[in-house]
Amino acid sequence: MKTKQYRELFTVFFKIGAFTFGGGFAMIPLIRNEVVVKRNWLDDDQFMDMLAIAQSMPGPVALNTALFVGNKRLGFKGSLFSGAGVILPSFLTILLIAIVFTQFKDNQVVERIFKGIRPAVVALIAAPLLGLGKAAGVNLKNLWIPVTVAFCVWWLHISPVYIVIVAILLGVTHYAVLRRFNRK
């Protein structure tokens, strides 16, 4: 029985790793769809909490998320299977590219193909972010928060590390203020 569960965990994350383009953040909506919507391994609140932790940890967010899901599902061994599943497709792809690409790196057709892929990758990242924002509770009242953060990172070149630190401080302050008013 456990062997089947480990295989399922590996297969789910291998599929996500193999068919997601655009990096770790592009994988998050697919991971959510698999573990929350399709398989009910986590609920939305658990997923959002886990995602917040995964983003604050060092390392790739998709790998951290896979490790957390695997650990939640089947403990330490589960995290090994989910982690291997999400990493293996990228590893194999990079290995293949390293072997083959050096022969074609100066080819104009290959260069144009990569230029054509770039806008599609941006769309593949942007579209799922809308669904993720909805799951996180972003609406018209608080839309200013992600817009301001994006502006600060992109235009003002403020490090996301500082933004996370400020967000933590504001969250703790908000909690303390609410707690104080609820006591009265």
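As the structure is a prediction and not an experimental result, all values here were calculated from the model.

Reading the values: the criteria
Residues numbered from 1 in each chain as written. Predicted model: local features only at pLDDT ≥ 70, side-chain atom pairs only at ≥ 80, totals over all residues. Heavy atoms only, no water. Helix = DSSP H or I, 4+ residues; strand = E, 2+ residues; numbered from the N terminus. Buried < 20%, exposed > 50% of the residue type's maximum accessible area, 1.4 Å probe, protein only. Contact = heavy atoms within 4.5 Å. Areas by Shrake-Rupley, 256 points an atom, 1.4 Å probe, with all protein chains shown as cover. Axes fitted to C-alpha atoms, helices over the stretch in contact; angles between N-to-C directions. Parallel < 35°, antiparallel > 145°, perpendicular 65-115°, else oblique. Left-handed = near helix turned anticlockwise from the far one by under 90°. Nonpolar A, V, L, I, M, F, W, Y, C, P; charged D, E, K, R; others polar. Core = buried A, V, L, I, M, F, W, Y, C linked by side-chain atoms within 4.5 Å. Phe/Tyr/Trp six-rings, centres within 6.5 Å; stacked < 30°, edge-to-face > 60°.

**Q** Can you help me understand the overall build of the protein chain in this one?
**A** For the protein chain, the helix and strand inventory stands at 7 helices and 0 strands. Starting at the N terminus, the α and β elements of the protein chain follow one another as α-α-α-α-α-α-α. Projecting the C-alpha coordinates of the protein chain onto the three principal axes gives extents of approximately 70 × 50 × 25 Å. Scored against the burial criterion, the 184 residues of the protein chain give a buried share of 24%. Considering only residue pairs separated by 6 or more positions, the protein chain has 52% of its internal contacts joining residues 24 or more positions apart. For the protein chain, the accessible surface area stands at approximately 13,100 Å², while carbon and sulfur atoms represent 70% of it.

**Q** Is there a simple way to think about the environment of P58 in this case?
**A** Along the chain, P58 falls in the loop between α3 (44–56) and α4 (61–104). Here the alpha-carbon distance between P58 and K134, two residues 76 residues apart in the chain, equals 25 Å.

**Q** How should I be thinking about the side chain of S82 in this particular structure?
**A** In this fold, S82 is placed in helix α4. We classify S82 as buried; its relative accessible area is 0%.

**Q** Explain the packing of helix α2 (residues 24–38) against α3 here, please?
**A** Two elements in contact, α2 and α3, have axes separated by 11 Å at closest approach and are oriented at 150°. Classified by the angle their axes make, α2 and α3 are roughly antiparallel. Between α2 and α3 the crossing geometry is right-handed. Taken together, the residues of α3 that come into contact with α2 (itself represented by F25, I28, I31, R32, V35 and V36) are D44, F47, L51 and Q55. Here the contact of α2 with α3 is built from residues that sort into 7 nonpolar, 1 polar and 2 charged.

**Q** Can you help me understand the nonpolar core in this one?
**A** When a protein is soluble and globular, its nonpolar side chains tend to lie buried together. Ranked by internal contacts, the top residues of the largest apolar core, which has 25 residues, are F13, I28, I31, V35, L42, F47 and V69. Elements represented by at least two residues in this core include exactly α1 (2–18), α2, α3 and α4. Sorting elements by how many residues they give to this core places α4 first, with 7 residues. Ignoring any residue separated from it by four or fewer positions in sequence, one finds I28 in contact with F47, L51, V61, A62, T65 and L132.

**Q** What's the story with the packing of aromatic side chains in this structure? I'm lost.
**A** Two aromatic rings, taken as a pair, are described by how far apart their centres are and by the angle between their planes. With the rule as written, the count across this model stands at 3 aromatic pairs. The interplanar angle of 25° and the centroid separation of 5.7 Å between the aromatic rings of F10 and F14 together place this pair among those described as stacked. One end of the pair, F10, and the other, F14, are both in helix α1, 4 residues apart, so they sit about a helical turn from each other. A relative accessible area of 29% means that F14 is categorised as partly exposed. On the numbers, 5.9 Å between centres and 55° between planes, the contact of W154 with W155 is tilted.

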